[in-house]
Amino acid sequence: MKQSEILYLKQEEVIAAGLLDMKQALEVAENTFRLLGEGQIRQPNKIFLGVPNDEEWQSYGMSMPAYIGGEEPVIGFKWAAESVYNATQPGMPYGLDMVLLSDPKTMYPKAIMDGTIITAMRTAAAAGVAAKYTARKDSRVAALIGAGVIGRTMIMAMMEAVPSLQEIRLVDLDLAKAEAMAKEFEGKYNVVACNDTKAACDGADLVVTETTSRREFIPKDWLKKNATVIQMEAHSYEKDVICSADRIFLDSWEQMIHLPGHVFQQMHQAGQMTVDRIKHFHDLATGEAIGRESDEEFVFCGSYGMGCLDLTIADKLYRNAKEMGLGTKLVQWDNPLWV
């Protein structure tokens, strides 16, 4: 293999390499959080560039670099992008992501691949790890708010991570969309479609939001007193939901207070939330923290996505793809100039 050789994997090849295996994604995600807790991952804050500006963006690009140590070190970044315009066009994904992996010793790129569905899988897997440790063991009903791409992978993650669940309430303002997704899981999971968020939250042991909302819309009185709630975007639960939680777990406090407009940035700047209230997902994975001390606790979890998860899942898929002979080999150069 030439040093300048890069394996390119289109989306279909990434899927063929095992991307949709949620059990694998959960295992990789939990191990990544463990490595993070052990100090084997370096990950600067995301670089966000909104168009026309960061506050009222219609599209954005975001760079998410990370270095992962451990037994199989890798360095790289995910280029994450979203477009409001795309959501109005048939057949155009709202999110468009790419992942680049490099060898940390030589820094030669080794793989470039579609990261759009990787994002959906790792987002749901992160929530799955949080739910595994913080949901009550007798949890029976989950409400998932949002029937977009991540709504689908969230069903997969919650059913794998919380096997006691007997009912998934899938909510979307577009009821037909939720019904179509529920039908995909017919015969495998009990997924019930609805378009009433309040009704779906009523009595739910686990509530997970995966929406594109730019405002808080779920008040405390909609939620069961000992529920686990998980927020996968910048806004969904009203601030008193967060403030009143007995335990708060985040993927990254530093990242959230760094991101423009994020609810935790707002609360931090207003003096409503301080880092001493927070534990992290990596504390759960390393055993430094427990998810619950009792079944009476109300637990809040928040995630806004971390590049290290994209890279570890992508690296696993790259290794699978090499073994399976998938992908197209690209060459950066035949003979590098001016070495």
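In what follows, the accompanying structure is described.

Here is what the cut-offs are and how they apply
Residues numbered from 1 in each chain as written. Predicted model: local features only at pLDDT ≥ 70, side-chain atom pairs only at ≥ 80, totals over all residues. Heavy atoms only, no water. Helix = DSSP H or I, 4+ residues; strand = E, 2+ residues; numbered from the N terminus. Buried < 20%, exposed > 50% of the residue type's maximum accessible area, 1.4 Å probe, protein only. Contact = heavy atoms within 4.5 Å. Disulfide = S-S within 2.5 Å. 1 Å grid on protein atoms, 1.4 Å probe; cavity = no way out; pocket = protein on both sides within 12 Å on 5 of 7 lines; lining within 4 Å. Points joined across faces, edges and corners; volume = space filled by probe spheres on them. Nonpolar A, V, L, I, M, F, W, Y, C, P; charged D, E, K, R; others polar. Axes fitted to C-alpha atoms, helices over the stretch in contact; angles between N-to-C directions. Parallel < 35°, antiparallel > 145°, perpendicular 65-115°, else oblique. Left-handed = near helix turned anticlockwise from the far one by under 90°. Pairing = 2+ DSSP bridges. Salt bridge = Lys/Arg side-chain N within 4 Å of Asp/Glu carboxyl O.

So, about the environment of S236. Looking at the element boundaries, S236 is found in the loop between β12 (228-231) and α7 (239-243). Here S236 falls in the buried class, since its relative accessible area comes to 0%. Excluding its chain neighbours within four sequence positions, the residues that come into contact with S236 are T209, R215, E216, F217, I218 and Q231.

According to the stated counting rule, one finds zero disulfides in the structure shown. The thiol of C301 is not disulfide-bonded; the next cysteine sulfur, from C201, is found 15 Å away. Here C308 is not cross-linked by a disulfide; its sulfur's nearest cysteine counterpart is in C301, at 17 Å. According to the relative accessible area criterion, C308 is buried, its value standing at 1%.

This next bit is on the layout of surface pockets. Quantified by volume, the second largest pocket comes out at close to 330 Å³. Lining of the second largest pocket is provided by 15 residues; of these, N31, L35, E71, E72 and T312 occupy positions nearest its centre. Sorting the residues of the lining of the second largest pocket by element identifies α2 (22-37) and α11 (307-324) as the ones contributing at least two each. A total of five residues in the lining of the second largest pocket trace back to one element, the largest contributor, which is α2. Classifying every residue of the lining of the second largest pocket gives four nonpolar, five polar and six charged.

Let us look at the packing of helix α3 (residues 116-134) against α11. Running from N to C, α3 and α11 cross one another at 120°; their axes reach a closest spacing of 10 Å. One element, α3, and the other, α11, form an angle in the oblique class. Here α3 and α11 pass one another in a crossing that is right-handed. The segment α3 lies against α11, with I118, T119, R122 and A126 engaging L309, D310, I313, A314 and L317. Counted by class, the contact of α3 with α11 contains six nonpolar, one polar and two charged residues.

With that settled, consider the pairing of strand β3 (residues 47-51). Residues F48 and G50 line the buried face of β3, whereas the alternating positions I47, L49 and V51 sit on a face that is not buried. The pairing of β3 with strand β4 (residues 59-68) spans five bridges and is classified as antiparallel. The residue of β4 that forms the bridge with G50 is Y60.

When you line up the elements, E254 lands in helix α8 (residues 253-258). C-alpha of E254 to C-alpha of G70: the two residues are 184 residues apart in sequence and 23 Å apart in space.

With that settled, consider empty space enclosed by the protein. Here the structure, examined in full by the defined rule, presents one cavity of 30 Å³ or more. Empty space within the largest cavity amounts to approximately 40 Å³. What lines the largest cavity is G18, L19, D21, Q24, A25, V28, I313, K316 and L317. The set of elements that each furnish at least two residues to the lining of the largest cavity consists of α2 and α11. A breakdown of the residues in the lining of the largest cavity according to their chemical character gives five nonpolar, two polar and two charged.

Per the counting criterion, the structure on display carries 17 salt bridges. Measuring nitrogen to oxygen at the nearest pair gives 3.8 Å for the salt bridge that ties D97 to K78. One end of the pair, D97, is in strand β6 (residues 95-102); the other, K78, is in strand β5 (residues 74-83), with 19 residues separating them in the sequence. The same class applies to D97 and to K78, which are both buried. Taking the shortest distance from any N to any O, the salt bridge between E186 and K183 comes out at 3.8 Å. We note that E186, like K183, is exposed. Among the charged side chains, a salt-bridge network with shared partners connects E72, K110, D315 and R319.

Across the sheet, eight strands lie side by side as β10-β9-β8-β11-β12-β15-β13-β14; this open sheet has parallel pairing. This sheet does not close on itself; its edge strands, each paired only once, are β10 (191-194) and β14 (278-280). For this sheet the average axis-to-axis angle between neighbouring strands, irrespective of direction, equals 20°. Judged from the four bridges that link them, strand β8 (residues 141-145) and strand β11 (residues 206-209) form a sheet pairing that is parallel. Among the inter-strand pairings, L144 is bridged to a residue of β11, identified as V208. Contacting β9 (167-171) and β10, helix α5 (residues 175-184) crosses the sheet at an angle of about 170° to β10.

Further remarks concern unusual backbone geometry. Put simply, V51 and P52 share a cis peptide bond, and its omega is 5°. Residue position: P52 is located in the loop between β3 and β4. Its identity is not glycine, yet W338 carries a phi of approximately 60°, on the positive side. Mapped onto the fold, W338 is located in the segment after β16 (328-331).

The values reported here are purely geometric and, on their own, carry no functional implication.
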